[in-house]
Amino acid sequence: MAKTNAFDRVLQARSDDKISIKDLIAGLTDNFLELHGDRAYGDDPAVYGGIGQMNGRPVTMVGIRKADDQKSAADVHFGSAEPDGYRKALRLMKQAEKFNRPVVTLVNTPGAYPDVEAEYHGQGYMISQLIIQGMQLKVPYISIIVGEGGSGGALALAVGDTVWAFEESIYSVLSPEGYATILWKDASRVREAAEVMKLTPDDLLQQGIIDRIIPEVRTDSQIEQLKSELFGKIEEISAMSQTEMLQKRFERYRNF
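Not measured: the values here are computed from a predicted model.

Definitions and limits used
- Residues numbered from 1 in each chain as written.
- Predicted model: local features only at pLDDT ≥ 70, side-chain atom pairs only at ≥ 80, totals over all residues.
- Heavy atoms only, no water.
- 1 Å grid on protein atoms, 1.4 Å probe; cavity = no way out; pocket = protein on both sides within 12 Å on 5 of 7 lines; lining within 4 Å.
- Points joined across faces, edges and corners; volume = space filled by probe spheres on them.
- Helix = DSSP H or I, 4+ residues; strand = E, 2+ residues; numbered from the N terminus.
- Nonpolar A, V, L, I, M, F, W, Y, C, P; charged D, E, K, R; others polar.
- pLDDT = per-residue confidence, 0-100.
- Core = buried A, V, L, I, M, F, W, Y, C linked by side-chain atoms within 4.5 Å.
- Buried < 20%, exposed > 50% of the residue type's maximum accessible area, 1.4 Å probe, protein only.
- Pairing = 2+ DSSP bridges.
- Expected span 1.5 Å × (residues − 1).
- Arc of directions from axis to C-beta.
- Salt bridge = Lys/Arg side-chain N within 4 Å of Asp/Glu carboxyl O.

**Describing the layout of surface pockets**
(1) Moving on: When its volume is computed, the largest pocket comes out at roughly 390 Å³.
(2) Moving on: Forming the walls of the largest pocket are 21 residues, and the residues nearest its centre are L155, Y171, S172, V173 and I209.
(3) Moving on: Of all the secondary structure elements, the ones that give two or more residues to the lining of the largest pocket are α6 (123-136), α7 (151-155), β7 (170-172), α10 (201-207) and α12 (242-254).
(4) Moving on: A per-element tally of the lining of the largest pocket places α7 first, with three residues.
(5) Moving on: Here the lining of the largest pocket is built from residues that sort into 15 nonpolar, four polar and two charged.
(6) Moving on: In this structure, the second largest pocket occupies an estimated 320 Å³ of space.
(7) Moving on: Every residue lining the second largest pocket is counted, 15 residues in all, and those nearest its centre are R14, S15, D16, K66 and A67.
(8) Moving on: When the residues that make up the lining of the second largest pocket are grouped by side-chain class, the tally is six nonpolar, three polar and six charged.

Right, here's the structure in full:
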């Protein structure tokens, strides 16, 4: 992968030219059925998930998505999920475990929705529950950072057996703008912050935070290639015993 300035990579990760989560799931699966609701409070459209088939094998797909157009941008808070969205994701993961379906998560979010009502409704708690569930999930679990991977909002769906990242993506504890403002009290140092944060796929791979950088997906043939590689990885993880799979997952995160 060609070396790119860190802040340029941030801009690429945020680009509207990115493949949408809906289109990506449609390309990776057949007969996809979207499932709605958290069975407790609501149905956050920022979290898009359901059941599909990958080469005939049932899989559960869960994605945090950004806007399809200007109207939907407001509906999904520009890709920031609310507690009911994370509860929906948790419900789908538990359902996948019950019916022995692999889980694939696709992340494109600047972070969880940061308003007072979201906190009242258990935002932090739901993120923690998804992390716990992800670590204990008794089925193969693959996480892919598609665009932005921001803070705990992304981490909630990124504790898979393996974590992949698109070439034009980022994954970090907060935004470069937030880093510059909080640490240096100077938002104008955002480019410097991006370099310091080591948030590009190259940096993340070197640190072992992700396991693989994958090319951007823009054509049908590229989606098919990703589908083939993703299915191969699912089959590889499925060949392990449940004990071995969980042990490897625990060890992956204990090393940080």
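**What about the confidence of the model for the chain?**
(1) Moving on: Averaged over the chain, the pLDDT score is 93; the fraction of residues at 70 or greater is 97%.
(2) Moving on: Confidence, read as mean pLDDT per element, is least for helix α3 (residues 70-75) in the chain (71) and greatest for strand β6 (residues 162-166) (98).

**Quick look at the nonpolar core**
(1) Moving on: Residues Y86, M93, V103, L130, Y141, I145 and L157 are the most contacted members of the largest nonpolar core, which totals 34 residues.
(2) Moving on: Among the elements that make up this core, the one with the highest residue count is helix α4 (residues 83-98) (six residues).
(3) Moving on: The next biggest cluster of nonpolar side chains, apart from the first, holds 25 residues, and it includes M61, I214, V217 and L226.

**Structural notes on the pairing of strand β3 (residues 57-64)**
(1) Moving on: Counting buried positions along β3 yields six of eight residues, so the element is predominantly enclosed.
(2) Moving on: As judged from the eight bridges shared by strand β2 (residues 47-54) and β3, these two strands associate in the antiparallel manner. When the sheet's bridge partners are listed, G49 is paired in β3 with V62.
(3) Moving on: The antiparallel pairing of β2 with β3 creates a hairpin that spans two residues between the two strands, and N55 there sits at a positive phi of about 55 degrees.
(4) Moving on: With five bridges joining them, β3 and strand β4 (residues 103-109) adopt parallel strand pairing. Bridging across to β4, G63 finds its partner in L106.

**Some thoughts on the pairing of β4**
(1) Moving on: Counting buried positions over the seven residues of β4 gives seven, a clear majority of the element.
(2) Moving on: Neither face of β4 is open: one carries V103, T105, V107 and T109, the other V104, L106 and N108, and all of them are buried.
(3) Moving on: Direction of pairing for β4 relative to strand β5 (residues 141-150): parallel, over a ladder of six bridges. Across the sheet, the residue bridging to T109 is G149, located in β5.

**Focus on unusual backbone geometry**
The phi torsion of most residues other than glycine is negative, and most of the peptide bonds are trans.
(1) Moving on: Look at R39: it is not a glycine, yet its phi comes out positive at around 65 degrees.
(2) Moving on: The residue R39 is located in the loop between β1 (30-34) and β2 in this model.
(3) Moving on: The backbone of K198 shows a phi angle near 55 degrees, a positive value even though the residue is not glycine.
(4) Moving on: Secondary-structure assignment places K198 in the loop between α9 (190-197) and α10.
(5) Moving on: Owing to a relative accessible area of 43%, K198 belongs among the partly exposed residues under this scheme.

**A look at helix α11 (residues 220-238)**
(1) Moving on: For α11, built from 19 residues, the straight-helix expectation of 27 Å at 1.5 Å per residue is met to within 8% by its first-to-last C-alpha distance of 27 Å.
(2) Moving on: Restricting attention to buried positions, one finds in α11 the residues I223, L226, K227, L230, F231, I234 and I237. Angular distribution of buried residues about the axis of α11 spans 135 degrees; they occupy a single face of the element.

**Some remarks on the pattern of salt bridges**
(1) Moving on: As enumerated under the stated definition, the model contains 15 salt bridges in all.
(2) Moving on: Each of R14, K66, E148 and E177 takes part in one network of salt bridges that share partners.

**Structural notes on empty space enclosed by the protein**
Where empty space is left becomes clear once a probe the size of a water molecule has been rolled over the atoms.
(1) Moving on: Within this structure, the stated rule accounts for one cavity of 30 Å³ or more.
(2) Moving on: Looking at the largest cavity, its volume works out to about 50 Å³.
(3) Moving on: Contributing to the lining of the largest cavity are R14, P110, E148, G149, G150, I170, S172, L174, S175 and P176.
(4) Moving on: Per-element tally for the lining of the largest cavity: the top contributor is β5, with three residues.
(5) Moving on: When the residues that make up the lining of the largest cavity are grouped by side-chain class, the tally is four nonpolar, four polar and two charged.

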